[in-house]
Amino acid sequence: MENICNKEMKDLSVIHSYLETQATACFKVLYDRYVGKIFAKCISILKDEVAAQDATQEIFTKIFLNLSRFKEKARFSTWVYSITYNYCIDYLRRKKKQKDLFSDDIEQVPDLAEEEVSDKIILEIELDQLEQVLQHISDSDRMVLLMKYQDRMSIKEIAEIIDKTESAVKMKIKRAKAKAQQTREALFPQPMV
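Residues numbered from 1 in each chain as written. Predicted model: local features only at pLDDT ≥ 70, side-chain atom pairs only at ≥ 80, totals over all residues. Heavy atoms only, no water.

## Concerning the pattern of salt bridges
Put simply, the rule is: Salt bridges are identified by distance alone: a Lys or Arg side-chain nitrogen within 4 Å of an Asp or Glu carboxyl oxygen. Helix numbering and strand numbering both begin at the N terminus, where a helix is a DSSP run of H or I of at least 4 residues and a strand a DSSP run of E of at least 2. Each residue is placed in one exposure class: buried if its accessible area under a 1.4 Å probe, protein chains only, is under 20% of its type's maximum, exposed if it is over 50%, and partly exposed if it falls in between.
Taken as a whole and judged by the stated rule, the model has seven salt bridges. Note that Arg-142 and Asp-139 form a salt bridge whose closest N and O atoms lie 2.6 Å from each other. Placement of both Arg-142 and Asp-139 in helix 7 (residues 139-150) is noted, with a separation of three residues, approximately one turn of the helix. Both residues of the pair, Arg-142 and Asp-139, belong to the buried class. One salt-bridge network, in which partners are shared between bridges, spans Asp-141, Lys-172 and Lys-179.

## Things to note about unusual backbone geometry
We note that Glu-72 has phi near 65 degrees; this positive angle belongs to a residue other than glycine. Within the fold, Glu-72 resides in the loop between helix 3 (49-65) and helix 4 (76-96). We classify Glu-72 as partly exposed; its relative accessible area is 39%. Positive phi is not limited to glycine here, since Asp-163 has a value of about 55 degrees. The residue Asp-163 is located in the loop between helix 8 (155-162) and helix 9 (166-187) in this model.

## Quick word on the state of the cysteines
As a reminder, the rule being used: Here, two cysteine sulfur atoms that lie within 2.5 Å of each other are counted as a disulfide.
Under the definition given, this model contains one disulfide. The thiol of Cys-88 is unpaired, and the distance to the nearest cysteine sulfur, on Cys-42, comes to 3.6 Å.

## Considerations on the confidence of the model for the protein
Inclusion rule: Confidence scores per residue from the predictor, reported as pLDDT, run from 0 to 100. When checking whether two residues touch, look at their non-hydrogen atoms; a contact exists if any pair is within 4.5 Å.
Per-chain confidence: the protein averages 82 in pLDDT, with 81% of residues scoring 70 or above. For the protein, helix 5 (residues 119-123) is the element with the lowest average pLDDT, namely 63, and helix 3 is the one with the highest, namely 94. Here residues 98-114 is modelled with pLDDT under 50, and outside its nearest four sequence neighbours on either side it reaches 27 contacts, counting other chains as well.

## Quick notes on the packing of aromatic side chains
We apply this condition: Classification of ring pairs uses Phe, Tyr and Trp, with its six-membered ring standing for Trp, and accepts pairs whose centres are within 6.5 Å; under 30 degrees between planes counts as stacked, over 60 as edge-to-face, and the remaining range as tilted. To sit over a ring, a charge needs its Lys NZ or Arg CZ within 6 Å of the ring centre and within 35 degrees of the ring normal.
If you walk through the whole model with that rule in mind, you get 11 aromatic pairs. The interplanar angle of 45 degrees and the centroid separation of 6.5 Å between the aromatic rings of Tyr-18 and Phe-27 together place this pair among those described as tilted. By relative accessible area, Phe-27 is classed as partly exposed at 30%. Note on Phe-27 and Tyr-31: the rings are 6.3 Å apart at their centroids and 10 degrees apart in plane angle, and the pair reads as stacked. Separated by four residues within a single helix, Phe-27 and Tyr-31 lie in helix 2 (residues 24-46), roughly one turn from each other. It is Arg-94 that lies over the ring of Tyr-87; its NZ or CZ is 6.0 Å from the centre. One residue, Lys-148, lies across the ring of Tyr-149, its end atom 5.9 Å from the ring centre.

Structure below.
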C-alpha cells in the first residue's frame, strides 16, 4: 500500500491516491515536491528564516487537513500558492496589526489620471535598486508585483489568490507600479543632464 504513489505521478493522481488510501508515501511525494517552493515563498514574504520554517510546516498542515476540499478548479500549485500567500499575509497582519492590508488606499494614492504605468518601468529597475524599492512599498503592493513579475502569474490567478476581481487586481498592479516608480525616483534621483 505504501508504494501507491511515486514522484513521477502528476499532482492530481497523487492527491486522489492520498485521499483514497491515506498512504504516507503520497503525503511525502507532495511534501517533497512543494516544500522548497513553499519555503522560498515564505522567506521572500516574511524575510525571516525561522518564521519561514515555521510557516512552511503550518502551511503543510493546512494543505493536508484541507486536501479533501481541493476542488480542482485551479491547478494544485495555484491552490498551494494561495494557502501559502494567505498564511504569510495573515502572519504579517498579526505581526503588524494591520487591519486593511489590501484596502484600496484610494485616499493615499496620488491621482494617476488614467496614465498607464508601463511594465518597462518595473523591468528596467536595476536589481539592487529593485530590492530597496520593494522594501519601501507596502506588503500588499510588493506581493502583487512579485506575483505578477517574479512568479509570472496571470491576473486571473492573482485574483483567485487575493480574492479580488480581475479588474481590482489590474488596478492594484497599476497603483503598485506607480508607487514603485515614485519610490525609485525618491530613493534614486536621476541627475539632470
